[in-house]
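Below, each chain spelled out in residue letters.
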Amino acid sequence: MPDTKYLSRQSPYTYSYDNRTGWRRFRVLNPCRGMYHDVRRRLPYYWSDIRDALTYRTIASTIRIYFINILPAIAYTLDMYRRTGEFYGINEALFSSALAAMVFSVLGAQPLTIVGITGLISLFDYTIYDIVVIYKPAIYANFMCWTAIWAAIFHWIVAVCNLCDYMRYVTDFSSESFGAYVGIIYCIKGVEELVNEFTVYGPTAGFMSCMIAILYFFTIYGLELLGSSTICRPWLRGLLADYAYVIGTIFWVGFAHIPGNLKETGISFVPITRAFYPTQPRGWLIHFWELETKWVFAALPFGFLVMLLFYYDHNVSSLGAQGRQYPLKKPAGFHWDFFLLGCTTFIAGITGIPMPNGLVPQAPVHTTSLAVTETTLHIIPTSDPDNPEGTELRHPITTPIAVIEQRISHFLMGLAIIGTMTGPLLIVLHTMPAAVFAGVFFIVGWGSIESNGILQKIIFLLREDRFIPRDEKLLRVPKRKIILYVMCQIVGVAACVAISQTIAAIGFPILIIGLIPFRVWVMPRWFGSEELGVLDGLTADGEAVLCSLGGPPRFPGEEGIVVEGERQKSEK
């Protein structure tokens, strides 16, 4: 059975470029090297990825991630359905989610990364629609197909040239900004869904939808909060947290169908079509060869922007699923997975379905649902001027001590989505009110914002001094530097949100990607290495993750961000 000794023995020779000279030190001039070693490292673990799944945590994780994946996917599809001339419907969303799940669960080097439909690709789809209809609306399907084909080609070039190595420079500065941006976009979409109910179906339907969405949010949030509390027995609160989405969804869908005045409010429900058929009267193969040559090349820059979005979005999703808070043991595989993403992007293009990629809020939730945790009572000393000896804060802390690293939960979720494409379950989907999906937007969006480091630093700045723990790391940094750091993040998030609300929304991946060089080259000019070592950190710093990215990064002008972790490893 392979273990970490296999990884540590191979890693100096399989991913590090530090000891190479001449042309060999350039990643681009070592084609397919990253993909080869990704597969070589992960393949010995394939059987254990199946055997390790024989546990209750896999069952609970499968059910939880099925709801967390499919509900936002349908919610975004409702948005695309209205804003792309009804080209993308429920069947396309289910097909895309099932395709991604089956490919990455069976062939992926990191099956913990959940792949599906994101709000950012839906934004891309309807923004391109807004541009295309200005010139020639009839070519939208073929134009999107060629956009996906070009994007797939760029994906393969990136994977072959080992360019995913540069994702090792992703730190909390950019990943937190991106997470906050995604959370805000989710919340905006929830509001837009409710506004649509008021606009199209009237004030009564709108108020009813608002009530369902808000109560759905508090139901899920409360049940998940209960899971990390000390209320009730551990098995009971764990059960309620594991099946929070099941409980909340079933209850509030049923609530919308209570006979009488509630049912007569006229709220909207999920539109469905014939099972396993496209929403529009067409086949599953787009006739992309019928598009004029000028439009084929006009789609090229759009395909490049899609690749930029997926380069950051998918890889950050994978980094989030393998974050430093999770004690993972099995190696990652960014290059190979990005090559697979190019394959699914190509298939999505020629079949006319939304292009799937890594899900930022859902991927870490998948890993969290597979984590084995322990809850301890943590006592924190605080400084109180009225009590020189100090006061104490006591609160429970839930810490992951192991993760069930396997690929079966992702696979079973894919099978469940395929089952959802059948006629009887499509009828069940038709009973779901759009208001529930607005609630999904709120709960997933707020989950991404609540746990975000930006919000945590803002809370620290606003907290009364005497209740700040003495061992708080941020106390080692002047408050003006914390404010400057947070403002840099907020400006980046605000710029991305602002551009996303215009017809230039397809340009936001450039802003997102720009956060990485900004952190690498500009931030060290404003902050000392010790300050950055406290404020920032690698999103994922485990050897099992960095083995696929060329090893730990070396930041120009400062080493603070990795020195502490490396010192701890050397001491061990």
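Because the structure is a prediction, the values reported are computed rather than measured.

Caption draft 1: Region of interest: the overall build of the protein chain. For the protein chain, the helix and strand inventory stands at 24 helices and four strands. Looking at the protein chain as a whole, 56% of its 572 residues qualify as buried. In the protein chain, of all internal contacts separated by at least 6 residues, the share reaching a separation of at least 24 is 83%.

Caption draft 2: Examining helix 6 (residues 119-135) more closely. Here helix 6 contains 17 residues, and its C-alpha end-to-end distance of 25 Å stays within 8% of the 24 Å for a straight helix at 1.5 Å per residue. With respect to burial, helix 6 is a largely interior element, 13 of its 17 residues being buried.

Caption draft 3: Structural context of the environment of valine 296. Relative to the elements of secondary structure, valine 296 occurs in helix 12 (residues 293-298). Judged by its relative accessible area of 8%, valine 296 is buried. Separated by 154 residues in sequence, valine 296 and asparagine 142 have C-alpha atoms that sit 8.7 Å apart. For valine 296, the contacting residues outside a window of four places in its chain are Trp146, Trp150 and Leu291.

Caption draft 4: Structural view of the pattern of salt bridges. With the rule as written, the count across this model stands at 20 salt bridges. One network of salt bridges, in which partners are shared, links Asp79, Arg82, Arg83, Lys189, Glu192 and Glu193.

Caption draft 5: Molecular detail of the confidence of the model for the protein chain. Per-residue confidence for the protein chain gives a mean pLDDT of 84; residues scoring 70 or more make up 88%. The model gives residues 1-14 a pLDDT under 50, and that stretch makes 24 contacts with residues more than four places away or in other chains. Note on residues 559-572: pLDDT is under 50 here. Beyond four places in sequence and across chains, it has 15 contacts.

Caption draft 6: Inspection of the packing of helix 13 (residues 300-321) against helix 21 (residues 508-526) at higher detail. In contact at an axis separation of 9 Å, helix 13 and helix 21 are set at 40° when each is read in the N-to-C sense. The orientation of helix 13 relative to helix 21 falls into the category oblique. Between helix 13 and helix 21 the crossing geometry is left-handed. Contacts from Leu305, Leu308, Leu309, Tyr311 and Tyr312 of helix 13 reach helix 21 at Phe508, Pro509, Ile510, Ile512, Ile513 and Ile516. Classifying every residue of the contact of helix 13 with helix 21 gives 11 nonpolar, no polar and no charged.

Caption draft 7: Structural context of the side chain of glutamine 110. Note that glutamine 110 resides in the loop between helix 5 (90-107) and strand 1 (115-116). Glutamine 110 has contacts with Arg42, Ser318, Gln322, Pro331, Ala332 and Asp337, leaving out every residue within four places of it along the chain.

Caption draft 8: View of the nonpolar core. Core analysis: the largest hydrophobic core is formed by 154 residues, its most contacted members being Leu71, Phe124, Ile128, Phe178, Tyr181, Ile212 and Tyr245. By residue number, the principal contributor to this core is helix 4 (residues 56-83), which donates 13 residues. Formed by seven residues, the second largest nonpolar core is a distinct cluster that contains Leu112, Leu328, Leu370 and Val403.

Caption draft 9: Quick look at the packing of helix 4 against helix 8 (residues 172-201). Following both chains from N to C, one finds helix 4 and helix 8 inclined at 55°, their axes separated by 11 Å at the closest point. Taken together, the axes of helix 4 and helix 8 lie oblique to each other. Both helix 4 and helix 8 take part in a crossing whose hand is left-handed. Contacts between helix 4 and helix 8 involve Pro72, Ala75, Tyr76, Leu78, Asp79, Arg82 and Arg83 on the former and, on the latter, Ile185, Tyr186, Lys189, Glu192, Glu193 and Asn196. Per-class residue counts for the contact of helix 4 with helix 8 are six nonpolar, one polar and six charged.

Caption draft 10: Fine view of the packing of aromatic side chains. This structure, assessed with the given rule, holds 32 aromatic pairs. Ring centres 6.0 Å apart and planes at 75° place the aromatic pair tyrosine 186 and phenylalanine 441 in the edge-to-face group. A residue pair is termed long-range when its members are at least 10 positions apart, and tyrosine 186 in helix 8 and phenylalanine 441 in helix 18 (residues 434-450) qualify at 255 residues. One exposure class covers both tyrosine 186 and phenylalanine 441, and it is buried. In textbook terms, an aromatic cluster arises when at least three aromatic residues are bridged by ring pairs, as seen for Trp146, Trp150, Phe288, Trp289 and Phe297. The ring centre of tyrosine 126 lies 3.7 Å from the NZ or CZ of arginine 83, which sits over that ring. One cation-aromatic arrangement involves arginine 274 over tyrosine 277; the distance from NZ or CZ to the ring centre is 3.9 Å.

Caption draft 11: View of unusual backbone geometry. With phi around 60°, asparagine 162 is a residue other than glycine that occupies positive phi space. A residue is classified by how much of its surface remains accessible, and asparagine 162, at 0% relative accessible area, is buried. One non-glycine residue, phenylalanine 276, adopts positive backbone phi at about 65°. By the element assignment, phenylalanine 276 lies in the loop between helix 11 (244-255) and helix 12.

Caption draft 12: Fine view of the environment of asparagine 452. Positionally, asparagine 452 belongs in the loop between helix 18 and helix 19 (453-462). When its relative accessible area of 6% is taken as the criterion, asparagine 452 is described as buried. A distance of 2.8 Å separates a polar side-chain atom of asparagine 452 from the backbone oxygen of glutamate 176.

Caption draft 13: Broad picture of the environment of serine 177. Checked against the element boundaries, serine 177 lands in helix 8. Classification of serine 177 as buried rests on a relative accessible area of 2%. Through-space distance from the C-alpha of serine 177 to that of valine 493 is 5.8 Å; in sequence the pair is 316 residues apart. Not counting residues within four places of it along the chain, the set of residues in contact with serine 177 comprises Asp172, Ile454, Gln489, Val493 and Leu515.

Procedures and definitions
Residues numbered from 1 in each chain as written. Predicted model: local features only at pLDDT ≥ 70, side-chain atom pairs only at ≥ 80, totals over all residues. Heavy atoms only, no water. Helix = DSSP H or I, 4+ residues; strand = E, 2+ residues; numbered from the N terminus. Buried < 20%, exposed > 50% of the residue type's maximum accessible area, 1.4 Å probe, protein only. Contact = heavy atoms within 4.5 Å. Expected span 1.5 Å × (residues − 1). Salt bridge = Lys/Arg side-chain N within 4 Å of Asp/Glu carboxyl O. pLDDT = per-residue confidence, 0-100. Axes fitted to C-alpha atoms, helices over the stretch in contact; angles between N-to-C directions. Parallel < 35°, antiparallel > 145°, perpendicular 65-115°, else oblique. Left-handed = near helix turned anticlockwise from the far one by under 90°. Nonpolar A, V, L, I, M, F, W, Y, C, P; charged D, E, K, R; others polar. Core = buried A, V, L, I, M, F, W, Y, C linked by side-chain atoms within 4.5 Å. Phe/Tyr/Trp six-rings, centres within 6.5 Å; stacked < 30°, edge-to-face > 60°. Lys NZ or Arg CZ within 6 Å of the ring centre and 35° of its normal. Polar contact = N/O pair within 3.5 Å; in protein donor to acceptor, adjacent residues only side chain to side chain.

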